[in-house]
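A structural walkthrough
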Amino acid sequence: VKADYYIFAVGSSSFTEKILGIKYESLSDVLLTNKAFVYPLEFTNKRQQFHPYTVAKTMKCGWRWITPTWSRIGTGYVFSDRHITPEKALEEFLNDIGDNTITPRLIDFSPRYSKKTFYDNFCLLGMANGFLEPLDAPGLTSTIQALRELSVIFNEKYYLNDLESSHFYVEKSNEEMIFQYKFWASFILTQYKTSQRNDTDFWVDHKNVEYDYYNYLMDGMKMPTQNETLLRNRDMLY
């Protein structure tokens with residue numbers, strides 16, 4: 001298909017690496033989970049089990065989400081296979097559900113983000129651009145931000161009429177997307193670090209994770225005046 005511009009939203013497949021040669025920045029040392037068992041549960045008592053929010057429940061080597069929809073209960077166990085085998089994780093998951101007859105599906109993933117979202121004649125959206133963890137609400141936010149950046153590139157006619165301005169804004173947009181992924185990785189890391197659970201190596205190891213951008217944000221919270229100035233200056237770039 002011949003076109004002026006291409007948008008790749010092919011999920012986390014190997015297409016982007018093998019065909020497009022996209023390079024990714026790994027976050028596997030920041031967010032330690034890399035597998036998830038998932039299963040759609042049937043309601044047994046919808047009036048009691050239905051609630052308009054997601055429960056995030058700590059498990060031995062990760063956490064379980066419980067998300068009722070109108071037709072079912074979406075649930076899964078996100079875990080680190082460096083701390084527990086899939087067999088043991090499945091056993092823990094089934095025991096927590098209270099049903100050993102179901103067969104959850106195992107999903108592999110790698111926390112990472114693309115070193116560049118926007119190129120001269122194409123861009124990456126969604127999981128093709130980056131992925132942090134299942135139930136990835138920050139991923140939706142990052143996708144929306146990428147669409148906003150793309151909208152400016154086209155609506156301001158940078159791409160069509162001013163190649164120099166286009167290159168300038170493309171680089172600024174790439175910086176913005178890297179900021180998005182680093183920020184949300186730090187946001188997720190904060191939840192692991194502030195959890196009171198420390199009864200397994202997984203929780204101890206996650207509390208001991210060192211991440212430069214996380215430290216940068218924490219330092220900024222201790223210096224509100226300087227942080228406000230930093231954010232104000234950053235916003236002026238866009």
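Everything below is about the structure shown above.
The next subject is the environment of Ser-142. As for its position among the elements, Ser-142 is in helix H4 (residues 137–155). Through-space distance from the C-alpha of Ser-142 to that of Gly-126 is 7.7 Å; in sequence the pair is 16 residues apart. Every residue in contact with Ser-142, bar those within four places of it in the chain, is listed here: Met-177, Gln-180, Tyr-181 and Trp-184.

As a further point, take the sheet that holds strand S2 (residues 24–26). Read from one edge to the other, the open sheet built from three strands follows the order S2-S8-S10, with strand pairing classed as antiparallel. If you trace the sheet from one side to the other, it starts and ends with S2 and strand S10 (130–131), each paired once. With two bridges connecting them, strand S8 (residues 112–114) and S10 associate as antiparallel partners. Opposite Tyr-113, over in S10, you have Gly-130 as the bridge partner.

This part covers the sheet that holds strand S5 (residues 62–68). Strand order in the open sheet made by the five strands is S4-S5-S6-S3-S7, with antiparallel pairing throughout. Every interior strand has two partners, whereas the edge strands, strand S4 (55–59) and strand S7 (105–108), have only one. Each adjacent strand pair in this sheet contributes to an overall mean axis angle of 20°, direction not counted. Inspection of the sheet shows S5 paired to strand S6 (residues 73–79) by seven bridges, in the antiparallel sense. What sits directly across from Ile-66, in S6, is Thr-75.

Here Gly-11 lies in the loop between strand S1 (6–8) and helix H1 (15–18). Taking C-alpha positions, Gly-11 is 9.5 Å from Leu-124, a pair spaced 113 residues apart along the chain. Contacts of Gly-11, omitting those with residues within four sequence positions, involve Met-127 and Ala-128.

This model, assessed by the stated rule, comprises 20 aromatic pairs. An aromatic cluster is present here, built from Phe-179, Phe-183, Trp-184, Phe-187, Tyr-213 and Tyr-216 joined pairwise through their rings. Here Lys-46 stacks its cationic end above the ring of Trp-70, 3.5 Å away from the centre of that ring.

This brings us to the pairing of S6. In terms of burial, S6 is largely enclosed, as seven of its seven residues are buried. Burial of S6 is two-sided: the residues Ile-73, Thr-75, Tyr-77 and Phe-79 facing one way and the residues Gly-74, Gly-76 and Val-78 facing the other way are all buried. Across seven bridges, the pairing between strand S3 (residues 35–41) and S6 is antiparallel. Bridge pairing in S6 links Phe-37 to Tyr-77. Between S5 and S6, which pair antiparallel one after the other, the connecting turn spans four residues.

Our focus in this paragraph is a nonpolar patch on the surface. Nonpolar side chains collect at one region of the surface, where Val-10, Phe-15 and Ile-19 lie side by side and expose about 250 Å² of accessible area between them. For Phe-15, the position within the fold is in helix H1. On the basis of relative accessibility, which here comes to 32%, the residue Phe-15 falls in the partly exposed class.

What follows is about the nonpolar core. Counting residues in hydrophobic clusters, the biggest one holds 50 residues, and the most contacted among them are Leu-27, Leu-31, Tyr-77, Phe-118, Leu-132, Leu-189 and Tyr-211. For this core, the secondary-structure elements that each account for two or more residues are S3, S5, S6, helix H3 (86–97), H4, helix H6 (163–194), helix H7 (201–207) and helix H8 (212–222). The dominant element in this core, judged by the number of residues it contributes, is H6, at nine residues. Among residues more than four places away in sequence, those in contact with Leu-27 are Pro-111, Arg-112, Tyr-113, Leu-132, Ala-185 and Tyr-211.

Once that is clear, we can look at H8. For H8, the full list of buried residues reads Tyr-213, Tyr-214 and Gly-220. The arc that holds the buried residues of H8, viewed along the axis, is 125°, so those residues lie on one side. Turned more than 90 degrees away from the buried face of H8 sit Asp-212 and Lys-222, all of them exposed.

With 19 residues, H4 should cover 27 Å at 1.5 Å per step; its first-to-last C-alpha distance of 27 Å lies within 8% of that length. Within H4 the residues assigned to the buried category are Pro-138, Gly-139, Ser-142, Gln-145, Ala-146, Glu-149, Leu-150 and Ile-153. In an axial view of H4, the angular spread of the buried residues amounts to 140°, which keeps them on one side of the axis. Of the exposed residues in H4, the ones pointing more than 90 degrees away from its buried face are Leu-140, Ile-144, Arg-148 and Asn-155.

Cut-off values and rules
Residues numbered from 1 in each chain as written. Predicted model: local features only at pLDDT ≥ 70, side-chain atom pairs only at ≥ 80, totals over all residues. Heavy atoms only, no water. Helix = DSSP H or I, 4+ residues; strand = E, 2+ residues; numbered from the N terminus. Contact = heavy atoms within 4.5 Å. Pairing = 2+ DSSP bridges. Axes fitted to C-alpha atoms, helices over the stretch in contact; angles between N-to-C directions. Phe/Tyr/Trp six-rings, centres within 6.5 Å; stacked < 30°, edge-to-face > 60°. Lys NZ or Arg CZ within 6 Å of the ring centre and 35° of its normal. Buried < 20%, exposed > 50% of the residue type's maximum accessible area, 1.4 Å probe, protein only. Patch = residues over 30% accessible without salt bridge, like charges linked within 9 Å, V, L, I, M, F, W, Y side chains within 5 Å. Areas by Shrake-Rupley, 256 points an atom, 1.4 Å probe, with all protein chains shown as cover. Salt bridge = Lys/Arg side-chain N within 4 Å of Asp/Glu carboxyl O. Core = buried A, V, L, I, M, F, W, Y, C linked by side-chain atoms within 4.5 Å. Arc of directions from axis to C-beta. Expected span 1.5 Å × (residues − 1).

Don't take any of this as a statement about function, it's just geometry.
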